[in-house]
Every structure is written in C-alpha cells, then in structure tokens.
Amino acid sequence: MIVDSNLSFDEAIAGTDAPLDVIGKLCLVEVCYWSFDGKMHQGQLVVQKELRQDLSDIFTLIQNTGFKVAQAIPLVKYGWSDDLSMANNNSSAFNYRFVAGTRRLSLHAAGRAVDINPYQNPVIYKDGGSAPPGASYNPAADGTLQEGSPVVQLFKSRGWRWGGDFESVRDYHHFEKTPLDASTIPKAPQRLLK
Ligand SMILES: [Zn+2]
C-alpha cells in the first residue's frame, strides 16, 4: 500500500480561509484506490461529516471495480490552489474558494463537492477551452467518468449532481450534493469579497 496522504484533521485544514462554523462540520475520510501505477494507494478527502458514508461507499466501489484514481491529497498540500491540485491530477473535496471566475462560494467551500481525476475528466468550456492545461476528454481512457460509469451512477443514486451533466460548462471531474436546506450553504464573508 502506497500512502499518498496521512494528515491529521488539523493539518488537513491548516491555513484555510473558512470560518469556524464551516470547519466544525468537516471530517477527514481515508480512501483506498488503485492508482495508475497498478498499486493500491491510500489517500484522504476532507468532506462534510454527513457525506462521510457516501464517500466511503463510493470509494469501496472504486476499489472493487479497479477504477483508477491518480491520488487523493487534501488541498492544504497545494497551498489551497485548485489550479496546482488539478495540474497534479489530484482528487479532492473541501476547498474554501469561489466558483472559478465568480464571487460565489463553491460547494467545495462547504466540503460538499468532490473532484476526481481532473486530467482524465477536464472542465470543457463553451469556447472549447479546457482545464487543467493539456487535458482532453477521452471516455475510453482509464479513470474517465461518463454517463454509464458505475461511479457516476452511485454518486447520482445518493443525490449528487455530476458536472458532466452541466449545460453551461462540462465539468467532468466534479460532483456536488446540495444540502436539503439551502440556507445552510455558506455565504462568502465580506472580508473575502473586497
Ligand atoms: Zn469541483
């Protein structure tokens, strides 16, 4: 077993901009997966506590089906930079940040969104551009998510939305679960909007 990440909870949230009420709802989930080197790896995801079971079950499926995951390392290791994490094909969840190009907090900011293998599952913009740089979407490649994938189906059966279904921007690596009470979605504090 190759250990990709073995942080304590405090280490995994160090330096985040998130307020304490957001941090208090988070937990660290250990996940195991076959990586592209053919070896079993252990990584970690920071997610909201009530989603722990969903993620455990989804990664059990990922492990049992041999779906390849490059690595899963909390964003603290990338200085909270989504760009650096994506460029490293990192799978991750919590990151207290805006939706790219907006001043609206992402569901990643609540630990309610998960990204898997950004390199195999890039964002494709309307103008044809994509991120991370150099990535292209080839549904036949290992570690790629598509409509019929067991991983996509299990996420959806648990009430998650898949970014591959988004109309505006195809966000193939992204899954998110909106809380039943939308008023619990954190709003950006003024200090970050200035
Ligand atoms: Zn995402």
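Residues numbered from 1 in each chain as written. Predicted model: local features only at pLDDT ≥ 70, side-chain atom pairs only at ≥ 80, totals over all residues. Heavy atoms only, no water.

Draft legend 1. Representation of the overall build of the chain within the structure. For the chain, the count of helices and strands is six helices and nine strands. Over its C-alpha trace the chain gives a radius of gyration of 16 Å, about what one expects of a compact globule, namely 16 Å for 194 residues. Principal axes of the C-alpha set define a box for the chain whose edges measure 45 × 40 × 30 Å. Expressed as a percentage of its 194 residues, the buried residues of the chain come to 51%. (Helix = DSSP H or I, 4+ residues; strand = E, 2+ residues; numbered from the N terminus. Rg over C-alpha atoms; globule rule 2.2 N^0.38 Å. Buried < 20%, exposed > 50% of the residue type's maximum accessible area, 1.4 Å probe, protein only.)

Draft legend 2. Summary view of helix 5 (residues 150–157). Within the span of helix 5, buried status applies to Val151, Val152, Leu154 and Phe155. Buried residues in helix 5, looked at end-on, bunch into an arc of 165 degrees, giving them a common side. Looking one or two residues past helix 5, Gly159 carries a phi angle of roughly 90 degrees, positive in sign. (Arc of directions from axis to C-beta.)

Draft legend 3. Summary view of the pairing of strand 2 (residues 26–34). Strand direction decides the pairing type here: strand 2 and strand 3 (residues 40–48), joined by nine bridges, are antiparallel. Among the inter-strand pairings, Leu28 is bridged to a residue of strand 3, identified as Val46. Here strand 2 folds back onto strand 3 in antiparallel fashion, the turn holding five residues, of which Gly38 has a positive phi close to 80 degrees. (Pairing = 2+ DSSP bridges.)

Draft legend 4. The arrangement of the sheet that holds strand 1 (residues 2–3) in detail. Ordered by their spatial adjacency, three strands build an open sheet running 1-3-2, and the pairing between neighbours is mixed. Two strands in the sheet have a free side with no partner beyond their single neighbour: strand 1 and strand 2. Sheet strands in contact with helix 3 (residues 52–65) are strand 2 and strand 3, and its direction is about 5 degrees off that of strand 2. (Contact = heavy atoms within 4.5 Å. Axes fitted to C-alpha atoms, helices over the stretch in contact; angles between N-to-C directions.)

Draft legend 5. Representation of the coordination of the zinc ion within the structure. Looking at the metal site, the zinc ion is ligated by His108 (NE2), Asp115 (OD) and His174 (ND1), spaced 2.0 to 2.1 Å from it. In terms of primary sequence, the donors binding the zinc ion are separated according to H-x6-D-x58-H. A residue pair is termed long-range when its members are at least 10 positions apart, and Asp115 in strand 4 (residues 113–115) and His174 in strand 9 (residues 174–176) qualify at 59 residues. No difference in accessibility class separates Asp115 from His174, as the two residues are buried. (Donors = N, O, S within 2.8 Å, 3.2 Å for Na, K, Ca; no water.)

Draft legend 6. Summary view of the side chain of Asn95. Positionally, Asn95 belongs in the loop between helix 4 (82–87) and strand 4. Setting aside residues no more than four positions away along its own chain, Asn95 makes contact with Leu75, Trp80, Asp82, His108 and Ala109.

Draft legend 7. A look at the pattern of salt bridges. Taken as a whole, this structure holds nine salt bridges when the rule is applied. Between Glu50 and Arg112 there is a salt bridge whose closest N-O contact spans 3.4 Å. Residue Glu50 is located in the loop between strand 3 and helix 3, and its partner Arg112 is located in the loop between helix 4 and strand 4; the two are separated by 62 residues in the primary sequence. The buried category is assigned to Arg112, whose relative accessible area is 3%. A salt bridge links Asp54 to Arg158; its shortest N-O distance comes to 3.1 Å. Residue Asp54 is found in helix 3, and its partner Arg158 is found in the loop between helix 5 and strand 7 (161–162); the two are separated by 104 residues along the sequence. (Salt bridge = Lys/Arg side-chain N within 4 Å of Asp/Glu carboxyl O.)

Draft legend 8. Looking closely at unusual backbone geometry. The amide bond that connects Ala131 to the next residue, Pro132, takes the cis arrangement and shows omega of 0 degrees. Counting through the fold element by element, Pro132 comes out in the loop between strand 6 (130–131) and helix 5. With a phi angle near 65 degrees, Trp80 is a residue other than glycine that sits in the positive phi range. Of note, Trp80 is situated in the loop between helix 3 and helix 4. What makes Trp80 buried here is its relative accessible area of 18%.

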